Amino acid sequence: MAISNDKAFKAALAGLPTARQRQAAARFVQRVFPLSNDVRIKAALEVAGRADVGDAELAVVSQAANTARVESFTRCGRETDWSAQAGHFVAKAAVACVKPAESSETLAWEAAMQARMARTCQTVADGSGTENREAEEQYRILEAFLNS
């Protein structure tokens, strides 16, 4: 199945069960993880990427990832530090990956959008503008995931 736009991307994600959404979402966020490098985010992504994860383990890493998200928000502060802002969006994306099952209907889509925001902040920070190819990379990642 070729994915070439957000409509097809979102539909493909919506058709996945929660565990597979988590695995796909973790792959999207791993691509932007270097913009954060927070060990709590890394742990959340490792857990989200596993098929056998339980609710208790998800709750632990979800709380840790949320703490990282809150801390990253305070680091961005009032001044526009685009690199810090990128890290904050990576944390938000990781939180989406490990959301509780009852609120996980669109977790992969949320993670993808936050990862795109992280990449946009990074491109602004390094002076290359707001044009980036993160969406196309996510389409490619999802196609590969669905074909594996």
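Note: the structure precedes this text.
As a starting point, this report considers the structure included with it. (Residues numbered from 1 in each chain as written. Predicted model: local features only at pLDDT ≥ 70, side-chain atom pairs only at ≥ 80, totals over all residues. Heavy atoms only, no water.)

1. Concerning the overall build of the chain
Our working rule: Under the scheme used here, helices are H or I runs from DSSP no shorter than 4 residues and strands are E runs no shorter than 2 residues, and both carry numbers assigned from the N terminus. We take the radius of gyration over the C-alpha atoms and set the globule estimate at 2.2 Å times the residue count to the 0.38 power. Throughout, exposure labels follow a simple rule: accessible area from a 1.4 Å probe, protein chains only, divided by the maximum for the residue type, with under 20% read as buried, over 50% as exposed, and the rest as partly exposed. The contact criterion used throughout is that any non-hydrogen atoms of two residues lie within 4.5 Å. Working definition of accessibility: Shrake-Rupley area with a 1.4 Å probe, residue cover restricted to the visible protein chains.
The number of helices and strands found in the chain is 7 helices and 0 strands. If you list the helices and strands of the chain from N to C, you get α-α-α-α-α-α-α. Relative to its length of 148 residues, the chain is compact, with a C-alpha radius of gyration of 15 Å against a globular reference of 15 Å. When the backbone C-alpha atoms are referred to their principal axes, the chain occupies close to 40 × 35 × 20 Å. Buried positions account for 43% of the 148 residues belonging to the chain. Sequence separation of 24 or more characterises 65% of the internal contacts of the chain that already satisfy a separation of 6 or more. Within the structure as shown, the chain displays about 7,600 Å² of accessible surface, and the carbon and sulfur contribution to it stands at 52%.

2. Concerning the pattern of salt bridges
The cut-off we apply is this: Basic side-chain nitrogens of Lys or Arg form a salt bridge, by our definition, when they fall within 4 Å of a carboxyl oxygen of Asp or Glu.
Applying the stated rule across the entire model yields 10 salt bridges. Between Arg31 and Glu134 there is a salt bridge, and its shortest N-O distance comes to 2.9 Å. One end of the pair, Arg31, is in helix H2 (residues 18–32); the other, Glu134, is in helix H7 (residues 134–147), and 103 residues separate them in sequence. A salt bridge links Glu137 to Arg140, with the nearest nitrogen and oxygen atoms 2.9 Å apart. Remark: Arg140 and Glu137 occur in helix H7; sequence separation between them is 3 residues, near one turn of the helix. A residue is classified by how much of its surface remains accessible, and Arg140, at 47% relative accessible area, is partly exposed. One continuous salt-bridge network, built from bridges that share partners, spans Arg31, Arg119 and Glu134.

3. Considering the packing of helix H6 (residues 107–125) against H7
What counts, and what does not: Lines are fitted to the C-alpha atoms to define the axes, a helix being fitted only along its stretch in contact, and any angle between axes, read from their N-to-C directions, falls within 0 to 180 degrees. For classification purposes, an angle smaller than 35 degrees is called roughly parallel, one larger than 145 roughly antiparallel, one from 65 to 115 roughly perpendicular, and anything else oblique. Throughout, a crossing is termed right-handed when the near helix is turned clockwise from the far one, and left-handed when it is turned anticlockwise from it by less than a right angle. Any residue that is not Ala, Val, Leu, Ile, Met, Phe, Trp, Tyr, Cys, Pro, Asp, Glu, Lys or Arg is counted as polar, Gly included; the first ten are nonpolar and the last four charged.
Between H6 and H7, the least distance of the axes is 10 Å, while the angle of their chain directions is 140°. It follows that H6 is oblique to H7 by the angle criterion. Pair H6 / H7 crosses with right-handed handedness. Contacts between H6 and H7 involve Ala112, Ala115, Arg116 and Arg119 from the first element and Glu134, Ala135, Gln138 and Tyr139 from the second. A class-by-class count of the residues in the contact of H6 with H7 yields 4 nonpolar, 1 polar and 3 charged.

4. Remarks on helix H1 (residues 6–14)
Given 3.6 residues to a turn, an α-helix orients residues that are three or four positions apart in the same direction. Defined as follows: To obtain the arc, one takes the directions from the helix axis to the C-beta atoms. In protein, a polar contact means a hydrogen-donor-capable atom and an acceptor-capable atom, both N or O and within 3.5 Å, with residues adjacent in sequence counting only if both atoms are side-chain atoms; elsewhere, any N or O pair within 3.5 Å suffices.
What H1 keeps buried is the set Phe9, Ala12 and Leu13. The buried side chains of H1 occupy one side of the element, clustering within an arc of 100° when seen end-on. Along H1, the residues that are exposed and aim more than 90 degrees away from the buried face are Lys7, Ala11 and Ala14. Capping the start of H1 is the job of one residue whose side-chain oxygen sits 3.1 Å from the backbone nitrogen of Lys7: Asn5.

5. What about the nonpolar core?
Most often, soluble globular proteins keep nonpolar side chains buried together rather than apart. Let me state the cut-off plainly: Nonpolar core, defined: a set of buried Ala, Val, Leu, Ile, Met, Phe, Trp, Tyr and Cys residues in which side-chain atoms within 4.5 Å join the residues together.
If you look at the biggest cluster of nonpolar residues, it comprises 45 residues, and the most contacted ones within it are Phe9, Leu13, Ile41 and Leu142. Of all the elements in the fold, those that place two or more residues in this core are H1, H2, helix H3 (39–48), helix H4 (55–76), helix H5 (82–97), H6 and H7. Broken down by element, this core gets its largest block of residues, 9 residues, from H5. Not counting residues within four places of it along the chain, the set of residues in contact with Ile41 comprises Phe33, Ser36, Ala65, Ala68, Val90, Ala91 and Ala94.

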